[in-house]
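Coordinate analysis (summary)
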Amino acid sequence: TTMLWNDRLVKEEEIKLSIEDRGYQFGDGVYEVIKIYNGSMFTVTEHIDRFYESAEKINIVIPYTKDVLHKMVYDLIEANEIVNGYVYFQITRGSSPRAHAFPTPTPEPVFIAYTMKGERSIEKYEKGVKAKFVEDIRWLRCDIKSLNLLGNVLAKEAAQQAGCYEAIQHRGEIVTEGSSSNMYGIKDGVLYTHPTNNLILNGITRRVIMSLCEEIGLPFIEEAFTTGQAIDMDEFFMSSTSSEITPIIQIDDNIIGNGKPGEWTRKLQAAFDARVQQLGSL
Ligand code: PMP
């Protein structure tokens, strides 16, 4: 398949990456994942904006304008004829002899993008999934979409070892977010989710949900809740680019609501589907 290596569309075999790339040695870089529905990138502007924001927060200067990067990624999707799937891209600080501090002179950042084919996993959306509480042991800049994902990896692995689809991370009592998703509870007709600060990623799907809540008349309250409150919610769900809106019907041994995806959650899913249908061409 075709991939992007810096600003060039190349065959995968042509890509040469250095052992001393700081992404490889330090996780020193940032990334994005955009979902492609029927040949169009969903919320592409928001993802590209967040990519530049993440890069800026760690002082990586992306050597393209947003428009050029958008066009590069578009050309990649077209080259691979992706109808439904994903495009992944990342940028690292570049390659330099191993030393923690930023190298001088500043190396050329290394940009990589590739596509994946994939259909929506309807069964998960309809039946819901189980989740597991996992202590949030990550650093204090979870707002950066960093390549350093070890905390997230360990959280997801713990969930999967327990037969669960996702981890619900908590710092002390406070629920923060999933290993690669945001978390929401609904109680007495009000939606609660952790406020966007340094402890969670400001999800693009979360922003879509905020707008869908307004559309369907569900109050969206950015207020943290505890693990105890979480298991007492009427409905619970997670969101991400890949999982969209996935109901959570059980947390550890606790059944949420009646153990089926809730009414509000299903309304949000329907409103989300309508947004996807509205997608224009790229
Ligand atoms: N939190 C974390 C830690 C994530 O990795 C993701 C997935 N990128 C999300 C939340 C959800 O973000 P988005 O809706 O933009 O995919």
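Residues numbered from 1 in each chain as written. Predicted model: local features only at pLDDT ≥ 70, side-chain atom pairs only at ≥ 80, totals over all residues. Heavy atoms only, no water.

**Section: the domain arrangement of the protein chain**
We note that the domain assignment places domain 1 (2-117) and domain 2 (122-277) within the protein chain. Put simply, the middle of domain 1 and the middle of domain 2, counted by C-alpha atoms, are 27 Å apart. Between domain 1 and domain 2, roughly 1800 Å² of surface is buried when both sides are summed, and carbon and sulfur atoms account for 62% of that area. The interface formed by domain 1 and domain 2 holds 2 salt bridges in total. Lys57 serves as the salt-bridge partner of Asp143, at 2.9 Å between the closest nitrogen and oxygen. (Domains from an automatic or database assignment. Buried area = accessible area lost by both parts, 1.4 Å probe. Salt bridge = Lys/Arg side-chain N within 4 Å of Asp/Glu carboxyl O.)

**Brief notes about helix 3 (residues 66-79)**
If you check helix 3, its first and last C-alpha atoms are 20 Å apart, about what 14 residues at 1.5 Å a residue would give, namely 20 Å. The first or second residue beyond helix 3 is Glu81, which carries a positive phi of 50 degrees. (Helix = DSSP H or I, 4+ residues; strand = E, 2+ residues; numbered from the N terminus. Expected span 1.5 Å × (residues − 1).)

**Some remarks on the packing of aromatic side chains**
Inspection of every chain in the model, using the stated rule, returns 11 aromatic pairs. Aromatic pair Tyr31 and Tyr88: ring centres 5.7 Å apart, planes at 25 degrees, arrangement stacked. Taken together, the positions of Tyr31 in strand 3 (residues 29-37) and Tyr88 in strand 5 (residues 85-92) put the pair 57 residues apart, joining distant regions of the chain. Neither residue differs from the other here; Tyr31 and Tyr88 are each classed as buried. Tyr88 sits in the buried class, given a relative accessible area of 15%. An aromatic cluster is present here, built from Phe51, Tyr52, Tyr64, Phe89 and Phe111 joined pairwise through their rings. Across the ring face of Tyr165, the terminal group of Lys156 is positioned such that the distance to the ring centre comes to 4.6 Å. The side chain of Lys267 reaches across the aromatic face of Trp264, ending 4.5 Å from its centre. (Phe/Tyr/Trp six-rings, centres within 6.5 Å; stacked < 30°, edge-to-face > 60°. Buried < 20%, exposed > 50% of the residue type's maximum accessible area, 1.4 Å probe, protein only. Lys NZ or Arg CZ within 6 Å of the ring centre and 35° of its normal.)

**A closer look at the nonpolar core**
By size, the foremost hydrophobic cluster in this structure holds 26 residues, and its most contacted members are Phe51, Leu69, Val87, Phe89 and Phe111. Of all the secondary-structure elements, those providing two or more residues to this core are strand 3, helix 2 (44-57), helix 3, strand 5 and strand 6 (110-117). Ignoring anything within four residues of it in the chain, the contact list for Leu69 reads Ile48, Phe51, Tyr52, Ile62, Tyr64, Phe89 and Phe111. Formed by 17 residues, the second largest nonpolar core is a distinct cluster that contains Phe237, Ile245, Ala271 and Val276. (Core = buried A, V, L, I, M, F, W, Y, C linked by side-chain atoms within 4.5 Å. Contact = heavy atoms within 4.5 Å.)

**Some details on empty space enclosed by the protein**
Here the structure, examined in full by the defined rule, presents 2 cavities of 30 Å³ or more. By volume, the largest cavity is sized at about 70 Å³. At the level of elements, strand 3 and helix 6 (204-216) are the ones that each hand at least two residues to the lining of the largest cavity. Considered class by class, the residues forming the lining of the largest cavity number 6 nonpolar, 4 polar and 1 charged. (1 Å grid on protein atoms, 1.4 Å probe; cavity = no way out; pocket = protein on both sides within 12 Å on 5 of 7 lines; lining within 4 Å. Points joined across faces, edges and corners; volume = space filled by probe spheres on them. Nonpolar A, V, L, I, M, F, W, Y, C, P; charged D, E, K, R; others polar.)

**Some remarks on the pattern of salt bridges**
Taken as a whole, this structure holds 21 salt bridges when the rule is applied. A salt bridge links Lys127 to Glu123, with the shortest nitrogen-to-oxygen separation between them at 3.3 Å. Placement of both Lys127 and Glu123 in helix 4 (residues 122-127) is noted, with a separation of 4 residues, approximately one turn of the helix. The same class applies to Lys127 and to Glu123, which are both exposed.

**Side note on the layout of surface pockets**
For the largest pocket, the calculated volume is near 930 Å³. Lining the largest pocket are 45 residues, and of these Tyr31, Lys145, Ser146, Leu149 and Asn152 lie nearest its centre. Its residues placed into classes, the lining of the largest pocket shows 16 nonpolar, 19 polar and 10 charged.

**Considerations on the sheet that holds strand 2 (residues 8-11)**
Strand order in the open sheet formed by 6 strands is 2-1-6-5-3-4, and the pairing between neighbours is antiparallel. The open sheet terminates on both sides in strands that have one partner only, identified here as strand 2 and strand 4 (40-41). Bridge count between strand 5 and strand 6: 8 bridges; the pairing is antiparallel. Bridging from a neighbouring strand, Gly85 pairs with Lys117 of strand 6. (Pairing = 2+ DSSP bridges.)

**So, the site of the ligand**
The full set close to the ligand counts 17 residues, and Lys145, Glu177, Ile204, Thr205 and Thr241 are the nearest of them. Between the ligand and Thr205, the relevant distance is 2.6 Å, taken from an oxygen atom to a side-chain nitrogen or oxygen of the residue. Taken by itself the ligand offers 390 Å² of open surface, and the protein chains cover 93% of this. For the shell around the ligand, the elements supplying multiple residues, two or more each, are helix 6 and strand 13 (235-240). Grouping the amino acids of the shell around the ligand by side-chain chemistry returns 3 nonpolar, 10 polar and 4 charged. (Near = heavy atom within 4 Å. Polar contact = N/O pair within 3.5 Å; in protein donor to acceptor, adjacent residues only side chain to side chain. Areas by Shrake-Rupley, 256 points an atom, 1.4 Å probe, with all protein chains shown as cover.)

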